[in-house]
Amino acid sequence: MFLGYKRNNLIILVVGAFLGVVAATVFNPIYQNVLQAIYDKEFSRLTEQCDQAMRTHLLAKNSLDIQPSLENVSFLKSAELGLLVCQDYDFLRKKLIRLGVEENTLSEMTLRYIENYASDLQLVIKTHEFSY
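So, here's what we can say about the structure.

1. Focus on the nonpolar core
By size, the foremost hydrophobic cluster in this structure holds 14 residues, and its most contacted members are Tyr39, Phe43, Val85, Leu92, Leu96, Leu106 and Met109. Here this core takes 6 residues from helix H1 (residues 2–66), the largest share from any one element. Sequence-distant contacts of Leu92, that is, excluding residues within four places in its chain, are made with Tyr39, Glu42, Phe43 and Leu46.

Here it is, written out as structure tokens:
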């Protein structure tokens, strides 16, 4: 009697584990797509704002290097404040990772932003290029 009870529990455990693995495999892509649909616009907005803030900051640093002046110091300080939006971007990115969004999905969301705002190849290149 006791042996049959253990065997039934083992069968239930094995079947449950198998069904859990199958469910996780099937529903993970759906879960990824749902999270992507929910956060895509906000992620794109923050990606754009952070990208623009980093470009402005680089321009301000270069301007100060080329021509030191109080005006350029003020420009750099303003640009540094503009970088705060990158913190919001980073918080959202980390939140999505905690929710289980994969790195590839985040990369896809970033690339979709680039494609939406870059109408030709030169703009795509400019987006990926570092300026010094």
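2. Quick look at helix H3 (residues 84–98)
In an α-helix, one turn spans 3.6 residues, which is why side chains three or four residues apart end up on the same side. The end-to-end C-alpha separation of H3 is 21 Å, in line with the 21 Å expected for 15 residues at 1.5 Å each. Listing the buried residues of H3 in full gives Val85, Cys86, Tyr89, Leu92, Arg93 and Leu96. Seen from one end, H3 has its buried residues packed into an arc of 120°, which puts them on one side. Opposite the packed face of H3, turned more than 90 degrees from it, sit the exposed residues Phe91 and Arg98. Two residues or fewer after H3 comes Gly100, characterised by a positive phi angle close to 105°.

3. Structural notes on the state of the cysteines
Two cysteines, two sulfur atoms, one covalent bond between them: this is a disulfide. Applying the stated criterion across every chain, the model contains 1 disulfide. Between the sulfur atoms of Cys50 and its disulfide partner Cys86 the distance amounts to 2.1 Å. Of note, the bridge from Cys50 to Cys86 carries an S-S torsion of about 105° and is right-handed in sense. With Cys50 in helix H1 and Cys86 in helix H3, the pair connects residues that are 36 residues apart, well separated along the chain. Neither residue differs from the other here; Cys50 and Cys86 are each classed as buried.

4. So, the packing of aromatic side chains
Throughout the structure, instances matching the rule amount to 1 aromatic pair. Considering the side-chain rings of Phe43 and Tyr89, the 5.4 Å spacing of their centres and the 40° angle between planes classify their relative orientation as tilted. With Phe43 in helix H1 and Tyr89 in helix H3, the pair connects residues that are 46 residues apart, well separated along the chain. For the pair formed by Phe43 and Tyr89, the shared burial category is buried.

5. So, the pattern of salt bridges
One pass over the full model with this rule turns up 3 salt bridges. As a salt-bridge pair, Arg55 and Asp51 come within 3.2 Å of each other at their nearest N and O atoms. Linking Arg55 with Asp51, this pair stays in helix H1, spanning 4 residues, or about one helical turn. Its relative accessible area of 27% is what places Arg55 among the partly exposed residues.

6. Points about helix H2 (residues 70–82)
Helix length check: H2 (13 residues) gives 18 Å between terminal C-alpha atoms against 18 Å at 1.5 Å per residue, within 8%. Residues of H2 that are buried include every one of Asn72, Leu76 and Ala79, and no others. Taken end-on, H2 shows its buried residues confined to a sector of 65°, consistent with a single buried face. Turned more than 90 degrees away from the buried face of H2 sit Leu70, Glu71, Lys77 and Leu81, all of them exposed.

Conventions used here
- Residues numbered from 1 in each chain as written.
- Predicted model: local features only at pLDDT ≥ 70, side-chain atom pairs only at ≥ 80, totals over all residues.
- Heavy atoms only, no water.
- Core = buried A, V, L, I, M, F, W, Y, C linked by side-chain atoms within 4.5 Å.
- Buried < 20%, exposed > 50% of the residue type's maximum accessible area, 1.4 Å probe, protein only.
- Helix = DSSP H or I, 4+ residues; strand = E, 2+ residues; numbered from the N terminus.
- Contact = heavy atoms within 4.5 Å.
- Expected span 1.5 Å × (residues − 1).
- Arc of directions from axis to C-beta.
- Disulfide = S-S within 2.5 Å.
- Phe/Tyr/Trp six-rings, centres within 6.5 Å; stacked < 30°, edge-to-face > 60°.
- Salt bridge = Lys/Arg side-chain N within 4 Å of Asp/Glu carboxyl O.

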